[in-house]
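Residue-level structure breakdown
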Amino acid sequence: MGVAPHRLLGFAFANADLLLEIASDGQIAFAIGASEALSGSQETALVGRAWRDFIDPRDRAMVQALLDGLTEGKRAGPLVVSLASNGRGERAAAMSTFRLPANDGAISCTFSRAQPSQSHGLHDRSGLEAVTAALFETSKATGLELELALVEMGGLPALRKAIGPEAVSALEQRLAGVLRAQSHGGGAAADLGGDRYALVRHTGETGEVLAKRLLQLLAIDPVHGVEANAKTLALKGDVSPSQLIRAIRYSLDSFIKDGMKAEGPDTLNEAVSRSVRRTLVDVGALGQAVADRSFRLVYQPVVDLKKNGGLHHHEVLVRFGDNASPFPMIRMAEELDLIEPLDLAVVERTLAKLVEDPSLHLAANISGRSIVSSSFVEAVRTMLADNPKAEGRLLFELTESAAIEDLALADRHLQALRAEGILICLDDFGAGAASLAYLQQLSLDIVKIDGRYIRELQHGGRESTFIRHLVSMCGELGVKTLAEMVETPQAEEAVRRAGVDYAQGWLYGAPNDVPMGPLSATVTNAVRPGRRVGAVDSWG
Ligand code: C2E
Ligand code: MG
Ligand code: MG
């Protein structure tokens, strides 16, 4: 072709800071460019090393899936990957790969400097909603065509049960890597629970092709009968950011509920109009439920790890009709400013329960939206005055699903409530961006560490360091700590070792219609999973 090598290099560096070639044995065969600046290693030091050493351990499964999924003559990426830091600060690069047919199976990779991603795993659904909204905005400016792919992996839950905990943990890592590698930039895939996943990626391929590739990359022994199915929703249409969020939420809800069977919307505009219809129906149902108190409360035990695992109190969770999570309804109520009457109705019922059973201590969830409302605080004080028998046995969990804008006002209200004898717990610490500010500026008695950190503990991540530091920081502030979603004895052992005061989760009991008390303990423990909880201990 007569093109000089230096000319080709010029083209390559027009778009990249570092070029690497990975040989078929996984070793770096060639490196040129800003290697020192990106990775802290000289180019010459990279050659002969395994590519894995060059990539941050948290992103290796994703890069592996990127390399495994390469088709000859087709570019893959870019994915934003963090590079092994060698003790320096975090560095990241957008990595693209290409395999030339005539190059002995070697893979050419380019890296260009990028902002590190916030997450190195799968998002939860609200994380995916946020990422999708942000990508949608960018796509409008850049003309990028994106779609939401919904993936069902039939047989996966059964496989998890059939293999040991170590194999499960390896499988989850591979799965996360494979799904991330298919998503835009490697940062737009989510775990929706059970066998359901979702990701945002570029359009241009059918769901079937994606499903087939996922299965191939996962390389699960066919005897396990795991299957993959995927369908897609193109993210194009003239919709506002809030319409988009509702439409995504609608699509995810119906997929989580009914899987591939769901008659999901075919276009974004249809998803928008369906979500509007659903919101109207839900608003009516919520108003009705609050007006005629046709909701139920369920109770989940919280134990005191410092007192032999004795029962400390119960968290009160609301249920509308069936046993499904109230979360979508709560979030809608918050967005449409309908949460205060619901929170008040729950407090009213909780106080009645406390009066009915003097052995109980109960924690009610209160939205960040309600806590900044003076009428809410006034109404609670009136109810307390009307129910003196409940005094000193009520706790509020301040949820973070709605951000609190005026922290000073919220704190004045919290102080007024604490003066009435209500203990204040900050829920879901670490889930939202504002947790530290809340801890700093709000008067709290207890901090509840978000369940994601507790569940990750079992996979031996960095979470245990995070929890230990949080516990010692709370200790200095005179605030107790509570770990939620403690599902296994291993998780309990880990949070106990970290010095956490209280624990809650399936290990001790799922939310139940009947609180677990000294009288009902035998009965309720017999009919649900979880371990026996000791008698009520003192409060505080
Ligand atoms: P939350 O306050 O963080 O409640 C904990 C959630 O985790 C509950 O879900 C509970 O059923 C679930 N859970 C408990 N133990 C485990 C476990 O070991 N593993 C797992 N995977 N999950 C566990 P639920 O009942 O669906 O509630 C969801 C959210 O809805 C609550 O999160 C809270 O933010 C909100 N919520 C519930 N009831 C009320 C209420 O009356 N008022 C307000 N404002 N929000 C509420
Ligand atoms: Mg809570
Ligand atoms: Mg929570």
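These numbers come from a predicted model, not from an experiment. (Residues numbered from 1 in each chain as written. Chains lettered and ligands numbered in written order. Predicted model: local features only at pLDDT ≥ 70, side-chain atom pairs only at ≥ 80, totals over all residues. Heavy atoms only, no water.)

1. Considering the coordination of the magnesium ion (ligand 2)
The line we're drawing: Coordination shells were defined by N, O and S atoms within 2.8 Å of each metal, extended to 3.2 Å for Na, K and Ca; water is absent from the atom set, which can make sites look incomplete. Where helices and strands are cited, they refer to DSSP runs of H or I of at least four residues and of E of at least two residues respectively, numbered from the N terminus. Remark: exposure states derive from per-residue accessible area (1.4 Å probe, protein chains only) relative to the maximum for the residue type, with buried under 20%, exposed over 50%, and partly exposed in between.
Donor atoms from the polypeptide that coordinate the magnesium ion (ligand 2) comprise E315 (OE), N365 (OD1), E397 (OE) and D427 (OD), at 2.0 to 2.3 Å from the metal. Separating the magnesium ion (ligand 2) from the magnesium ion (ligand 3) is a gap of 4.4 Å, bridged by D427, which donates to each. You can see E315 sitting in strand β11 (residues 310-319) and its partner N365 sitting in strand β12 (residues 362-367), a full 50 residues away along the chain. Side by side, E315 and N365 carry an identical accessibility label, which is buried.

2. Structural notes on the layout of surface pockets
Filter applied, for reference: Cavities and pockets are found on a 1 Å grid laid over the protein atoms alone: a cavity is a set of points where a 1.4 Å probe fits but cannot escape, a pocket is an open set with protein on both sides within 12 Å along at least five of seven lines, and a lining residue has an atom within 4 Å of such a point. Grid points are joined across faces, edges and corners, and a volume is the space filled by probe spheres set on the points.
Space inside the second largest pocket adds up to approximately 690 Å³. What lines the second largest pocket is a set of 23 residues, and nearest its centre among them are A12, L19, S108, C109 and T110. Of all elements in the fold, only α1 (5-13), β1 (18-22), β3 (76-83), β4 (91-98) and β5 (107-114) reach the threshold of two or more residues within the lining of the second largest pocket. Looking at the lining of the second largest pocket, the element that brings in the most residues is α1, giving six residues.

3. Looking at the coordination of the magnesium ion (ligand 3)
Reference values for angles at a metal are 109.5 degrees in the four-donor tetrahedral case and 90 or 180 degrees in the six-donor octahedral case. Protein coordination at the magnesium ion (ligand 3): the donors are D427 (OD), D428 (OD), E484 (OE) and E484 (OE), at 2.0 to 2.6 Å from the metal. Read from N- to C-terminus, the donor residues coordinating the magnesium ion (ligand 3) fall into the pattern D-D-x55-E.

4. Some details on the sheet that holds β1
In any sheet, the strands associate via hydrogen bonds between backbone groups, in a parallel or an antiparallel arrangement. To keep it simple, the criterion reads: Paired strands, as defined in this entry, are two strands with at least two bridges between them according to DSSP. Axis definition: a line fitted to C-alpha atoms, over the contacting stretch in the case of helices. Angles run 0 to 180 degrees between N-to-C directions. What makes two residues a contact is simply this: any of their non-hydrogen atoms within 4.5 Å.
Read from one edge to the other, the open sheet built from five strands follows the order β2-β1-β5-β4-β3, with strand pairing classed as antiparallel. Two strands lie at the open edges of the sheet, namely β2 (28-33) and β3, each paired on one side alone. Taking each pair of neighbouring strands and ignoring which way they run, the sheet shows an average axis angle of 25 degrees. Bridge analysis of β3 against β4 gives six bridges, and the strand direction is antiparallel. Within β4, the position partnered with V81 by the bridge is A93. Across the face of the sheet, α1 comes into contact with β1 and β2 while running at roughly 110 degrees to β1. Where helix α5 (residues 60-68) meets the sheet, it contacts β1, β3, β4 and β5, and its direction lies at approximately 155 degrees from that of β3.

5. Some words on the pairing of strand β7 (residues 189-193)
Side chains on a regular strand alternate between the two faces of the sheet. In this structure, β7 lies alongside strand β8 (residues 196-202), joined through four bridges in antiparallel fashion. Directly across from D191, in β8, lies its bridge partner Y197. Hairpin connection between β7 and β8: a loop of two residues separates the two successive antiparallel strands, and G194 in this loop has a positive phi of roughly 65 degrees.

6. A short note on the site of ligand 1
Test applied: Residues are classed as near a molecule or strand on a simple rule: at least one heavy atom within 4 Å of it. Whenever two N or O atoms come within 3.5 Å, that pair is a polar contact, provided that in protein one can donate a hydrogen and the other can accept it, and provided that, for residues adjacent in sequence, both atoms are side-chain atoms. Every accessible area reported is derived by Shrake-Rupley at a probe size of 1.4 Å, with residue values counting cover from the shown protein chains alone.
Taken together, the neighbourhood of ligand 1 is formed by 24 residues, with Q300, S325, D427, E487 and W506 sitting nearest. A distance of 2.9 Å separates an oxygen atom of ligand 1 from a polar atom in the side chain of R319. Burial of ligand 1 by the surrounding chains reaches 90%, relative to a free accessible area of 800 Å². Going through the elements one at a time, β11, α12 (327-335), α13 (339-356), β12, β13 (394-399) and β14 (423-429) are the ones with two or more residues in the shell around ligand 1. Per element, the largest residue contribution to the shell around ligand 1 is four residues, and it comes from β11.

7. Looking at the domain arrangement of the protein chain
By convention, interface size is frequently given as the accessible area that disappears when the constituent parts associate. To keep it simple, the criterion reads: By convention here, the domain bounds are inherited from an automatic or database domain assignment. Using a 1.4 Å probe, buried area is obtained as the accessible area two parts lose upon being combined, added over both of them. For this analysis, a salt bridge means a side-chain nitrogen from Lys or Arg found within 4 Å of a carboxyl oxygen belonging to Asp or Glu.
With domains assigned, the protein chain is organised as domain 1 (5-114), domain 2 (125-278) and domain 3 (293-504). Each of domain 1 and domain 2 has a C-alpha centre, and the two are 27 Å apart. Both sides of the domain 1 and domain 2 interface together cover about 740 Å² of buried area, and 64% of this is carbon and sulfur. Residues D59 and R180 are paired through a salt bridge, measuring 3.1 Å at the closest nitrogen-oxygen approach.

8. Quick word on the sheet that holds β8
The strand order β7-β8-β6-β9 describes an open sheet built from four strands, whose pairing is antiparallel. In this open sheet, the two strands that pair with only one neighbour each are β7 and β9 (229-234). Within this sheet the neighbouring strands show an average axis-to-axis angle of 20 degrees, counted without direction. Along the sheet, helix α10 (residues 241-258) contacts β6 (146-152), β7, β8 and β9; its crossing angle with β6, the most-contacted strand, is approximately 15 degrees.

9. Let's talk about helix α6 (residues 125-142)
Cut-off, in case you're wondering: An expected span of 1.5 Å times one less than the residue number is assigned to each helix.
Compared with an ideal rise of 1.5 Å per residue, which puts 18 residues at 26 Å, α6 spans 25 Å between its outermost C-alpha atoms and is within 8% of the ideal. If you check which residues of α6 are buried, you get R125, L128, E129, T132, A133, L135, F136 and S139. Against the buried residues of α6 lie β6, β7, β8, α10, α11 (268-291) and α12.

10. Some points on unusual backbone geometry
Going from G77 to P78, the amide bond is cis rather than trans, its omega being 0 degrees. Assignment of secondary structure puts P78 in strand β3. Even without being glycine, D104 reaches a positive phi, approximately 55 degrees. Inspection of the secondary structure puts D104 in the loop between β4 and β5. For D104, a relative accessible area of 73% puts it in the exposed group. For D337, which is not glycine, the phi torsion reads 60 degrees and is therefore positive. In this structure, D337 sits in the loop between α12 and α13. For D337, a relative accessible area of 59% corresponds to the exposed category.

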